[in-house]
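Results of the structural survey
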Amino acid sequence: MANVGFLGLGIMGKAMATNLVKAGFDVTVWNRNPEKCAELVSLGARQGATPKDVATNCDITFAMVSDPEAALALCQGPDSVAAGIGAGRGYVDMSTVDDTTSKAIADLISQAGGRFLEAPVSGTKKPAEDGTLIILAAGDQSLYDDAKSAFEVMGKMSPYLGEVGQGANMKLVVNMMMGGMLSIFSEGMSLGQKAGLDGQQILDIVDAGAMANPMFKGKGAMLLKEDYTTSFPLKHMQKDMRLAVALGDQLEQPLPTAAIANEAFKQAIKAGFAEEDIAAVYKVIK
Ligand code: NA7
């Protein structure tokens, strides 16, 4: 499947679409704010006029937009993916949404005769640029097979997780753990330094033991430098925490730690850090 579309050229989508172009796919891009298409066009991509236009002209259309509202908006109305997809073509939504939204999108696409796969990703800007995302695919298995060559360009792993909703659920579980870890990590870094410990030494000691992980290492360095350059926008982490807590409500699963971490991210948004990196949650904790 060499002829693919890509909708949504934010931090993640731009990097993923760039990798597809560089790998030799014939890529047609679209972004709500069309100016963001220029860089991809300069690399050799075509520019589509609307999501409908892209879905009509491409075998598979991928999308990577901010949240459930944006993901649904791409599939509703006269200029939408659903209006253009037609029989046999495929739509792969890689945005992080809840399972209910994903199922609603699946219905819109299948009613229009298309095939649908949800494929949210684990990994932020750097893995998107490096083509090392973890792609959590669920839905139409024939589309999964057809999209596999593109997944191999964008990611290092793309497990098939079953029916629509299970990719969304896996993503929320993983990011809920990440948000909770970042929140307690920020508390530890703040407590330690207030007690007179050296921040770098805390990081080195954590990194030498069983808790070592790339996130603590990367975000830890950012906290010490007070550098909150956005790799994963904080507003998106709060969305993921909110959706995970809602899933917990629905399934009667108590999530006390996640619920409290969600409050810290909400506070950070209220304090004006929505567009900064998730590491900026530290600023409301310290
Ligand atoms: P960004 O960098 O905030 O980019 C968000 C993208 O979503 C960007 O292309 C936006 O277009 C697009 N968007 C937002 N709302 C809409 C609507 N209503 N319609 C169409 N397009 C829209 O996010 P990331 O790339 O970091 O993250 C993307 C996803 O990966 C997200 O689900 C994360 O949780 C994980 P714009 O440029 O503003 O016109």
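Residues numbered from 1 in each chain as written. Predicted model: local features only at pLDDT ≥ 70, side-chain atom pairs only at ≥ 80, totals over all residues. Heavy atoms only, no water.

So, on to the environment of threonine 18. By the element assignment, threonine 18 lies in helix 1 (residues 11-22). Linking threonine 18 and alanine 138, residues 120 residues apart in sequence, is a C-alpha distance of 24 Å. Not counting chain neighbours up to four residues away, the residues in contact with threonine 18 comprise Leu40 and Leu43. (Helix = DSSP H or I, 4+ residues; strand = E, 2+ residues; numbered from the N terminus. Contact = heavy atoms within 4.5 Å.)

For the rest of this paragraph, the subject is the packing of helix 12 (residues 234-251) against helix 13 (residues 256-270). The N-to-C vectors of helix 12 and helix 13 enclose an angle of 150°; their axes lie 9 Å apart at closest approach. Considering the relative orientation of helix 12 and helix 13, their crossing is left-handed. Residues Leu234, Lys235, Met237, Gln238, Met241, Arg242 and Val245 of helix 12 touch helix 13, and the partners they reach there are Ala258, Ala259, Ala261, Asn262, Phe265, Lys266, Ala268 and Ile269. The class makeup of the residues in the contact of helix 12 with helix 13 is ten nonpolar, two polar and three charged. (Axes fitted to C-alpha atoms, helices over the stretch in contact; angles between N-to-C directions. Left-handed = near helix turned anticlockwise from the far one by under 90°. Nonpolar A, V, L, I, M, F, W, Y, C, P; charged D, E, K, R; others polar.)

What follows is about the packing of aromatic side chains. All told, the structure shown has six aromatic pairs when counted by the stated rule. With centroids separated by 6.2 Å and ring planes inclined at 65°, the aromatic side chains of phenylalanine 62 and phenylalanine 151 adopt a geometry described as edge-to-face. Of this pair, phenylalanine 62 sits in strand 4 (residues 60-63) while phenylalanine 151 sits in helix 8 (residues 141-154), placing them 89 residues apart in sequence. Comparing phenylalanine 62 with phenylalanine 151 shows no difference in burial state: the two are buried. Geometrically, the ring pair formed by tyrosine 144 and tyrosine 160 is tilted, given 5.1 Å between the ring centres and 50° between the ring planes. Of this pair, tyrosine 144 sits in helix 8 while tyrosine 160 sits in the loop between strand 10 (155-157) and helix 9 (166-194), and the two are 16 residues apart along the sequence. Here tyrosine 144 falls in the buried class, since its relative accessible area comes to 9%. On the accessibility criterion, tyrosine 160 (27% relative accessible area) is partly exposed. (Phe/Tyr/Trp six-rings, centres within 6.5 Å; stacked < 30°, edge-to-face > 60°. Buried < 20%, exposed > 50% of the residue type's maximum accessible area, 1.4 Å probe, protein only.)

Looking now at the UniProt feature "domain: 6-phosphogluconate dehydrogenase NADP-binding" (unreviewed entry) in the protein chain. Mapped onto this structure's residue numbering, the UniProt feature "domain: 6-phosphogluconate dehydrogenase NADP-binding" (unreviewed entry) falls at residues 3-161. Annotated as residues 3-161, this span is 43% helix and 21% strand, and its ends, taken at the C-alpha atoms, are 25 Å apart. (UniProt positions renumbered as here; feature names shortened; annotations may be inferred.)

All right, on to the layout of surface pockets then. Rolling a probe over the atoms, with the probe sized like a water molecule, indicates the empty space that remains. Taken as a whole, the largest pocket holds about 880 Å³ of empty space. In terms of lining residues, the largest pocket is bounded by 39 residues, among which Gly10, Met64, Val65, Ser66 and His236 are the most central. For the lining of the largest pocket, the secondary structure elements donating two or more residues are helix 1, helix 4 (68-73), strand 7 (121-122), helix 9 and helix 12. The biggest single contributor to the lining of the largest pocket is helix 12, with four residues. Grouping the amino acids of the lining of the largest pocket by side-chain chemistry returns 14 nonpolar, 17 polar and eight charged. Volume-wise, the second largest pocket comes out at about 640 Å³. (1 Å grid on protein atoms, 1.4 Å probe; cavity = no way out; pocket = protein on both sides within 12 Å on 5 of 7 lines; lining within 4 Å. Points joined across faces, edges and corners; volume = space filled by probe spheres on them.)

With respect to the helices, strands and loops of the structure, valine 41 is situated in helix 2 (residues 38-43). Looking at valine 41, the relative accessible area reads 36%, which means it is partly exposed. Separated by 133 residues in the primary sequence, valine 41 and valine 174 place their C-alpha atoms 34 Å from one another. Sequence-distant contacts of valine 41, that is, excluding residues within four places in its chain, are made with Arg46 and Gln47.

By nearness alone, 19 residues border the ligand, and Met12, Asn31, Arg32, Lys36 and Lys239 come closest of all. In the model, an oxygen atom of the ligand is placed 3.3 Å from a nitrogen or oxygen of the glycine 10 main chain. When the ligand sits alone it has 800 Å² of accessible area, and the protein chains cover 85% of it. With respect to the pocket detection grid, the ligand is positioned in the largest pocket. Looking at the shell around the ligand, the elements with two or more residues in it are helix 1 and helix 12. Classifying every residue of the shell around the ligand gives eight nonpolar, eight polar and three charged. (Near = heavy atom within 4 Å. Polar contact = N/O pair within 3.5 Å; in protein donor to acceptor, adjacent residues only side chain to side chain. Areas by Shrake-Rupley, 256 points an atom, 1.4 Å probe, with all protein chains shown as cover. Sits in = over half its atoms within 2 Å of the grid points.)

Moving on, we get to the pairing of strand 4. On strand 4, burial covers both faces: Ile60 and Phe62 on one face and Thr61 and Ala63 on the other are all buried. Pairing between strand 1 (residues 3-7) and strand 4: four bridges, direction parallel. By the bridge assignment, leucine 7 is partnered in strand 4 with alanine 63. Inspection of the sheet shows strand 4 paired to strand 5 (residues 90-93) by four bridges, in the parallel sense. Of the residues in strand 5, the one forming a bridge with phenylalanine 62 is valine 92. (Pairing = 2+ DSSP bridges.)

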